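# Architecture at a glance
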Amino acid sequence: MTTGVDLGHPQAQAIQSDEDVVRVRQLVRTVAVASKLSLVDQTKLVTAASELARNTLVYGGGGTAEVAAVDNGRRRGVRILFADDGPGIADLDLALTDGYTTGGGLGLGLSGARRLVDDFTIDTGPGRGTRITVTKWSR
Amino acid sequence: MERVPVLKIGDILLVSIQLDMSDQTAVQLQDDLAERIVSTGCHGVIIDITALDIVDSFVGRMLSTIASISKVLDAETVVVGMRPAVAITLVELGLSLNGIRTALNVERGMELIAAARPDEYDDGEGGDEDADDETTDTR
């Protein structure tokens with residue numbers, strides 16, 4: 001699991017529509033700037049968040065994103081939890097393969113988002129919904 | 001839903017994306033552009049993404065699709081103004097932007113389009129034979 005201490009309350013954003021995906025991006029950007037991530041790291045994290053928020057909406061049938069500034073004693077970072085109560089992912093290895101999609105997209109959302117962050121954990125299974133936690137640390 | 005304006009300048013359609021687009025807005029832009037290419041008979045489309053602080057797989061796919069649609073409708077598409085952090089992130093995400101021509105700014109984008117159709121943009125200097133060759137600044 002991701003280590004690190006929360007700095008203040010995590011901020012939650014419901015993901016129920018296209019516009020909410022935009023709001024998740026904006027919230028993540030705000031917290032990333034406040035946590036002093038570099039511009040490239042901000043961009044990577046916001047891009048990853050956009051992919052995962054869209055997945056939460058399209059595959060999970062909606063859910064929430066919780067964004068928190070964290071500190072592991074040496075570095076600051078931003079942690080985001082995406083949670084939905086959708087059908088869950090049956091074959092995780094397959095879902096994490098570049099180019100694999102069941103939704104008509106490019107199949108880069110999950111695999112690409114994982115490459116863009118420092119820590120990536122996923123808890124899912126058929127009928128269990130999906131919880132994905134990602135963290136990006138400052139350099 | 002917000003809409004991205006499409007401007008006609010001479011024989012070129014110029015789109016400057018100034019807002020954080022929802023997926024729906026992106027799809028609408030795709031449809032609007034196809035419509036405008038046909039109604040105006042323009043042979044060039046320039047999409048300025050200077051103001052975009054991320055390009056995720058959805059927007060990347062939209063750009064590829066616009067390029068393909070415009071090609072079928074006898075128009076060239078050039079994407080200009082990509083920020084360095086966005087380029088770095090796109091590559092790491094695994095997005096290849098298939099079939100998309102890029103230029104650093106609107107001016108270079110217009111040169112690319114003119115070079116691709118030397119007959120129609122005869123400026124008296126003779127056509128540039130190799131449109132793919134990024135010409136160097138000789139100042």
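Residues numbered from 1 in each chain as written. Chains lettered and ligands numbered in written order. Predicted model: local features only at pLDDT ≥ 70, side-chain atom pairs only at ≥ 80, totals over all residues. Heavy atoms only, no water.

## Examining the overall build of chain A
Counted only if it meets this: Secondary structure elements are defined from DSSP: runs of H or I of at least 4 residues count as helices, runs of E of at least 2 residues count as strands, and each element is numbered from the N terminus. In this scheme, a residue with accessible area under 20% of its type's maximum is buried, one over 50% is exposed, and one in between is partly exposed, where area comes from a 1.4 Å probe on protein chains only. Between two residues, a contact is recorded if the distance between any of their heavy atoms is within 4.5 Å.
The helix and strand inventory of chain A stands at four helices and five strands. Reading the helices (α) and strands (β) of chain A from amino to carboxyl end gives β-α-α-β-β-α-α-β-β. In chain A, buried positions account for 53% of the 139 residues. Of all intrachain contacts in chain A linking residues separated by at least 6 positions in sequence, the fraction that spans at least 24 positions is 64%.

## Thoughts on the interface of chain A and chain B
To be explicit about the condition: Accessible area that two parts lose when put together, with a 1.4 Å probe and added across both, is what the buried area reports. Within this document, salt bridges are pairs made up of a side-chain nitrogen of Lys or Arg and a carboxyl oxygen of Asp or Glu, the two lying within 4 Å of each other. Between N or O atoms, a polar contact is any pair within 3.5 Å; within protein, one atom must be a potential hydrogen donor and the other a potential acceptor, and residues adjacent in sequence are included only when both atoms are from side chains. When residue character is reported, Ala, Val, Leu, Ile, Met, Phe, Trp, Tyr, Cys and Pro are called nonpolar, Asp, Glu, Lys and Arg charged, and the others, Gly included, polar.
Each side of the interface is counted separately: chain A has 23 residues, and chain B has 20 residues. Across the chain A/chain B interface, buried area totals approximately 2000 Å², and carbon plus sulfur atoms make up 54% of it. Its largest share of buried area at the contact with chain B, chain A owes to Asp18(A), Arg54(A) and Leu106(A), together 23% of the area lost on that side. Joining chain A to chain B, the criterion identifies six salt bridges. A salt bridge links Asp53(B) to Arg29(A); its shortest N-O distance comes to 3.4 Å. Where chain A packs against chain B, one counts eleven residue pairs in polar contact (both at pLDDT 80 or more). Of the residues forming the side of chain A that touches chain B, the biggest block, nine residues, is contributed by helix α2 (residues 39-58) of chain A. Here the side of chain A that touches chain B is composed, by residue class, of eight nonpolar, seven polar and eight charged.

## Considering the environment of Asp119(A)
Residues and elements named next belong to chain A. By secondary structure assignment, the location of Asp119 is in strand β4 (residues 119-124). Classification of Asp119 as partly exposed rests on a relative accessible area of 26%. Considering only alpha carbons, one finds Asp119 and Trp137, 18 residues apart in sequence, at a separation of 8.8 Å.

## Side note on the side chain of Glu51(A)
With respect to the helices and strands, the residue Glu51(A) is situated in helix α2. The exposure class assigned to Glu51(A) is buried, which follows from its relative accessible area of 2%. When neighbours within four sequence positions are excluded, Glu51(A) is seen to be in contact with Gly109(A), Ala113(A), Asp56(B), Ser57(B) and Leu93(B).

## Some remarks on the packing of helix α1 (residues 23-40) of chain B against helix α2 (residues 57-72) of chain B
Residue and element names in this part refer to chain B. Selection criterion: To obtain each axis, a line is fitted to C-alpha atoms, and for helices this fit is confined to the stretch in contact; angles are then taken between N-to-C directions over 0 to 180 degrees. Each angle gets one of four labels, with under 35 degrees taken as roughly parallel, over 145 as roughly antiparallel, 65 to 115 as roughly perpendicular, and the rest as oblique.
Close contact between α1 and α2 brings their axes to 10 Å; oriented N to C, the two are set at 10°. What the angle tells us is that α1 and α2 run roughly parallel. Between α1, through Asp23, Ala26, Val27, Leu29, Gln30, Leu33, Ala34 and Ile37, and α2, the contact on the second element is made entirely by Phe58, Met62, Thr65, Ile66, Ile69 and Ser70. Of the residues contributing to the contact of α1 with α2, the split by class is ten nonpolar, three polar and one charged.

## Digging into the sheet that holds strand β3 (residues 44-48) of chain B
Note on sheets: strands pair through backbone hydrogen bonds, and any given pair is parallel or antiparallel. Residue and element names in this part refer to chain B. Spelled out, the test is: The rule for pairing is simple: two strands pair if DSSP sees at least two bridges between them.
The mixed open sheet is built from five strands, whose spatial order is β1-β2-β3-β4-β5. Of all the strands in the sheet, the pair left with one neighbour each is β1 (6-9) and β5 (101-103). Ignoring strand direction, the axes of neighbouring strands in this sheet form an average angle of 25°. Looking at chain direction, strand β2 (residues 12-16) and β3 are connected through five bridges and run parallel. Its bridge partner being in β3, Leu14 is matched across the sheet by Ile46. Running over the sheet, α1 touches β1, β2 and β3 and is turned about 160° from β2.

## Thoughts on the confidence of the model for chain A
Counted only if it meets this: The predictor attaches a confidence to each residue, and that confidence, scored 0 to 100, is pLDDT.
Across chain A, pLDDT averages 91, with 94% of residues at or above 70. Looking across chain A, the model is least confident in strand β1 (residues 5-15) of chain A, with a mean pLDDT of 82, and most confident in strand β5 (residues 130-137) of chain A, with 97.

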